[in-house]
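What the coordinates show
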Amino acid sequence: MSRFWSPLVQSLVPYVPGEQPKDRVFIKLNTNENPHGPSPLALEAIRAATGDGLRLYPDPVAGDLRAAVAAQYGLTPAHVFAGNGSDEVLAHAFNAFFGGGGEVLFADVTYSFYPTYCRLYGLPHRLVPLGADFRCDVGLYRGPCAGIVIANPNAPTGIPLPLAAIEQVLRANPDVVVIVDEAYVDFGADSAVALIPRYDNLLVVHTFSKSRSMAGLRVGLAMGQPHLVEGLVRVKDSFNSYPLGRLALAGALAAWQDRDWFDRTRRQVMADRDAMTAGLQAQGFEVLPSAANFVFARHPQVAAEVVLAGLRDRGILVRHFRQERIRDWLRISVGTTAECGALLAATAGIVAG
Ligand code: PMP
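Everything numeric here is computed off the predicted structure, so don't read it as measured data. (Residues numbered from 1 in each chain as written. Predicted model: local features only at pLDDT ≥ 70, side-chain atom pairs only at ≥ 80, totals over all residues. Heavy atoms only, no water.)

Turning to the site of the ligand, a few remarks are in order. In the vicinity of the ligand, 13 residues are found, and the nearest of them are Ser86, Asp181, Tyr184, Thr207 and Ser209. One of the side-chain N or O atoms of threonine 207 is found 2.5 Å from an oxygen atom in the ligand. Within the side chain of serine 209, a nitrogen or oxygen atom sits 2.6 Å from an oxygen atom of the ligand. Compared with its free state, where it exposes 400 Å², the ligand has 92% of that area covered by protein. Of the residues forming the shell around the ligand, the biggest block, four residues, is contributed by helix α4 (residues 85-97). For the shell around the ligand, the per-class residue count stands at five nonpolar, four polar and four charged. (Near = heavy atom within 4 Å. Polar contact = N/O pair within 3.5 Å; in protein donor to acceptor, adjacent residues only side chain to side chain. Areas by Shrake-Rupley, 256 points an atom, 1.4 Å probe, with all protein chains shown as cover. Helix = DSSP H or I, 4+ residues; strand = E, 2+ residues; numbered from the N terminus. Nonpolar A, V, L, I, M, F, W, Y, C, P; charged D, E, K, R; others polar.)

What follows concerns the sheet that holds strand β12 (residues 319-320). Read across the open sheet, the four strands follow the order β9-β10-β13-β12; overall the sheet is antiparallel. Only two strands of the sheet have a single neighbouring strand rather than two, namely β9 (286-287) and β12. (Pairing = 2+ DSSP bridges.)

What follows is about the packing of helix α10 (residues 304-313) against helix α11 (residues 337-352). How two helices pack is summed up by the angle between their axes together with the distance between the axes. Between α10 and α11, whose axes approach to 10 Å, the crossing angle comes to 125°. As summarised for this structure, α10 and α11 are arranged oblique, according to the angle between their axes. The handedness of the crossing between α10 and α11 is right-handed. Residues Val306, Val307, Gly310 and Leu311 of α10 form the contact with α11, whose own contacting residues are Leu343, Ala346, Thr347 and Ile350. Of the residues belonging to the contact of α10 with α11, the class tally is six nonpolar, two polar and no charged. (Axes fitted to C-alpha atoms, helices over the stretch in contact; angles between N-to-C directions. Parallel < 35°, antiparallel > 145°, perpendicular 65-115°, else oblique. Left-handed = near helix turned anticlockwise from the far one by under 90°. Contact = heavy atoms within 4.5 Å.)

Our next topic: the domain arrangement of the protein chain. Splitting the protein chain by domain gives domain 1 (7-37 + 260-352) and domain 2 (40-258). With 34 residues of domain 1 at the contact, the number on the domain 2 side is 35 residues. Buried area between domain 1 and domain 2, summed over both chains or domains, comes out near 2800 Å², and the portion from carbon and sulfur atoms is 60%. On the domain 1 side of the interface with domain 2, the three residues burying the most area are Tyr15, Phe262 and Arg325, jointly 25% of the side's total. Where domain 1 packs against domain 2, one counts one salt bridge. (Domains from an automatic or database assignment. Buried area = accessible area lost by both parts, 1.4 Å probe. Salt bridge = Lys/Arg side-chain N within 4 Å of Asp/Glu carboxyl O.)

What follows concerns the sheet that holds strand β2 (residues 80-83). Spatially, seven strands are ordered β2-β8-β7-β6-β5-β3-β4 in an open sheet, and the strand pairing comes out mixed. Single-partner strands in this sheet number two, and they are β2 and β4 (125-128). Here the strands of the sheet are splayed against their neighbours by 20° on average, with no regard to which way each runs.

This is how it looks when you write it as structure tokens:
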């Protein structure tokens, strides 16, 4: 606390990111990074962009990247917004669209940055409970509200929603923006981007951090009808004209164009996820059905804190959340095949002990 803090800053409850250890080498399965690394073509493009050109400001509208993304989806660049990681894109979207009065709705168990944005922008919110099995009843998303955000697949559960359920939310709430946060969609869920031409209240958010393995580059996207993208641009240009540097723009464009690397690596993640799920289940873990690059698991006999500490002792980091409903659970990111093997060997030892 400082006497110089504004009342708003005093009231903030910042998001706490997963640990990035510096002192010791861990197998890092705690922040849903992708172990396969960026496309070699993206690294080459970043190297090529590293030079005297860095004197100059980058393209403030990320024109080449937006055009490439638009072409892939049969949209126009006016349907695409790019920002400094999807966290920034989400923050701008909350700021741009959720201030119309009433509460912002999102699940009681979902990405914990959403309530943080609400506090930052003074937006009241209401938690919509997931079922006992962590499934989402989309029928609960109706009635007057300021906006809706749904992570699909959800985090940290990994459970996907079918597009018909997303459409049900869009139709039941035509007067507010529905943000679909598809950070993990490339690992097995259906993207709502296909619905954009039909719904003027749909904003789909993507990231390069997961399926393109570029969490360190900080690139995120939003796709929606041009009037929504224009709203985001108004916020962006009132905040930071250049959210993406030249290296990020060059790397993201090349990564986007390298469909082969994208498909090979995400398929590998999905195969390793399914093997990890089966391995954990064989050890007695309950594992939610994941369409993401992580699994959410608990053991009926061994407390999450015990598994967490046992894994840490064995050099493996996973993520534990203290929130009441999920304190028995651990979120485990999918690593390389070898890392997933090490995880299973470690949990086997912990469960046996
Ligand atoms: N949405 C969800 C559901 C996430 O889990 C994350 C990653 N923490 C993000 C958005 C943000 O990712 P990034 O800012 O790296 O694009």
